[in-house]
Amino acid sequence: MAQSIADEVAEEIKKNKILIYGKGTKTQPQCGFTMETIQFFAKYGQPFEVINVLGNNEKREYLSKLTNWPTLPKVFIDGTFYGDTDILDEMERKGEVKPLLDAAFNQK
Amino acid sequence: MSERSDATRQMIERRLKEELGAERVEILDESWKHAGHAAAGGGGHFIVRVVSAKFEGVPLLDRNRMVFRLFEAEMGRDIHALAIKALTPAEWALP
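Our subject in this report is the structure included herewith. (Residues numbered from 1 in each chain as written. Chains lettered and ligands numbered in written order. Predicted model: local features only at pLDDT ≥ 70, side-chain atom pairs only at ≥ 80, totals over all residues. Heavy atoms only, no water.)

1. Observations regarding the interface of chain B and chain A
Moving on, step 1. Taken residue by residue, the interface counts 16 residues in chain B and 15 residues in chain A.
Moving on, step 2. Among the residues chain B hides against chain A, the three largest losses belong to L60, L61 and R65 of chain B. Together they make up 35% of the total.
Moving on, step 3. Taken together, chain B and chain A are joined by one salt bridge.
Moving on, step 4. The residue E90 of chain A makes a salt bridge to K85 of chain B at a minimum N-O spacing of 2.6 Å.
Moving on, step 5. Applying the counting rule to chain B against chain A returns five residue pairs in polar contact (both at pLDDT 80 or more).
Moving on, step 6. Each residue belonging to the side of chain B that touches chain A can be placed in one class, and the counts come to eight nonpolar, five polar and three charged. (Contact = heavy atoms within 4.5 Å. Buried area = accessible area lost by both parts, 1.4 Å probe. Salt bridge = Lys/Arg side-chain N within 4 Å of Asp/Glu carboxyl O. Polar contact = N/O pair within 3.5 Å; in protein donor to acceptor, adjacent residues only side chain to side chain. Nonpolar A, V, L, I, M, F, W, Y, C, P; charged D, E, K, R; others polar.)

Right, dumping it as structure tokens:
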């Protein structure tokens, strides 16, 4: 039986400490907001994954329902949904991002 | 700026004021940056800064969800992308 989208997403979220569902790939983002998000995480120097969901409407719809968030990109850190750079920029301003990433990568 | 995206801008502002009691709304229309961007489907890219007392005590994620909800019907049509900065009046007053 083919893997369900729910299982696929659950596995992706589990496997990647920093995960961006976006438009395009890390080397070829196809949307300014996805690019901004990639740049946001690149400066922290921790590994992150970008999963392109452009052209996969079923997965996009599933992700929007899962997060109750209609737009891409969608960012997960250590299994928790953090929205997009509108949220992350604000967290960064308060100094909350680095401790969050440190905690995510220090545990096994 | 097209007439269409101008109309969308006015709609966004009006709805934020009516539905969220926003005391301040700033909308930046960045649609021009994405002219010809096929995936945009002709919809606009907007950056919205909205100040409302209704955001008090509400986590950031939920504030943005409150705003997205107002434009559910337009997302993916007249609005292709919406960046949101949702502030309380007290946060707005911060330096």
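2. Notes on the sheet that holds strand β2 (residues 44–51) of chain B
All names here are of chain B.
Moving on, step 1. Within the open sheet, the three strands sit side by side as β1-β2-β3. Their pairing is mixed. Of all strands in the sheet, those with a lone pairing partner are β1 (24–29) and β3 (79–87), marking the two edges. Within this sheet the neighbouring strands show an average axis-to-axis angle of 20 degrees, counted without direction.
Moving on, step 2. Strand direction decides the pairing type here: β2 and β3, joined by eight bridges, are parallel. Each bridged residue has a counterpart across the sheet, and for F46 the counterpart in β3 is L82.
Moving on, step 3. Lying on the sheet, helix α2 (residues 60–70) is in contact with β2 and β3; it crosses β3 at an angle near 135 degrees. (Pairing = 2+ DSSP bridges. Helix = DSSP H or I, 4+ residues; strand = E, 2+ residues; numbered from the N terminus. Axes fitted to C-alpha atoms, helices over the stretch in contact; angles between N-to-C directions.)

3. Some details on the environment of T37 of chain A
Residues and elements named next belong to chain A.
Moving on, step 1. Mapped onto the fold, T37 is located in helix α2 (residues 32–42).
Moving on, step 2. Along the sequence, T37 and T85 sit 48 residues apart, while their C-alpha atoms lie 6.1 Å from each other.
Moving on, step 3. Discounting chain neighbours no more than four positions away, the residues touching T37 are I20, P73, V75 and T85.

4. What about the nonpolar core?
Moving on, step 1. One finds Y21 and F41 of chain A together with I12, L16, V50, F71 and L82 of chain B to be the most contacted residues of the largest nonpolar core, which totals 50 residues.
Moving on, step 2. Looking at this core element by element, the count peaks at five residues for α2 of chain B.
Moving on, step 3. In this structure, V50 of chain B is in contact with L16, A22, R24, V25, F55, V67, I84, K85, A86 and L87 of chain B, ignoring residues within four places of it in sequence. (Core = buried A, V, L, I, M, F, W, Y, C linked by side-chain atoms within 4.5 Å. Buried < 20%, exposed > 50% of the residue type's maximum accessible area, 1.4 Å probe, protein only.)

5. Brief notes about empty space enclosed by the protein
Moving on, step 1. Counted according to the given criterion, the structure contains one cavity of 30 Å³ or more.
Moving on, step 2. Roughly 90 Å³ of internal volume is contained in the largest cavity.
Moving on, step 3. Along its surface, the largest cavity is lined by F33, T37, T71, L72, P73, D84, T85 and D86 of chain A together with A81, L82 and A83 of chain B.
Moving on, step 4. Among the secondary structure elements, those contributing two or more residues to the lining of the largest cavity are α2 and α4 (85–93) of chain A together with β3 of chain B.
Moving on, step 5. Ranked by the residues each element gives to the lining of the largest cavity, the list is headed by β3 of chain B, at three residues.
Moving on, step 6. Class assignment of the residues belonging to the lining of the largest cavity gives a composition of six nonpolar, three polar and two charged. (1 Å grid on protein atoms, 1.4 Å probe; cavity = no way out; pocket = protein on both sides within 12 Å on 5 of 7 lines; lining within 4 Å. Points joined across faces, edges and corners; volume = space filled by probe spheres on them.)

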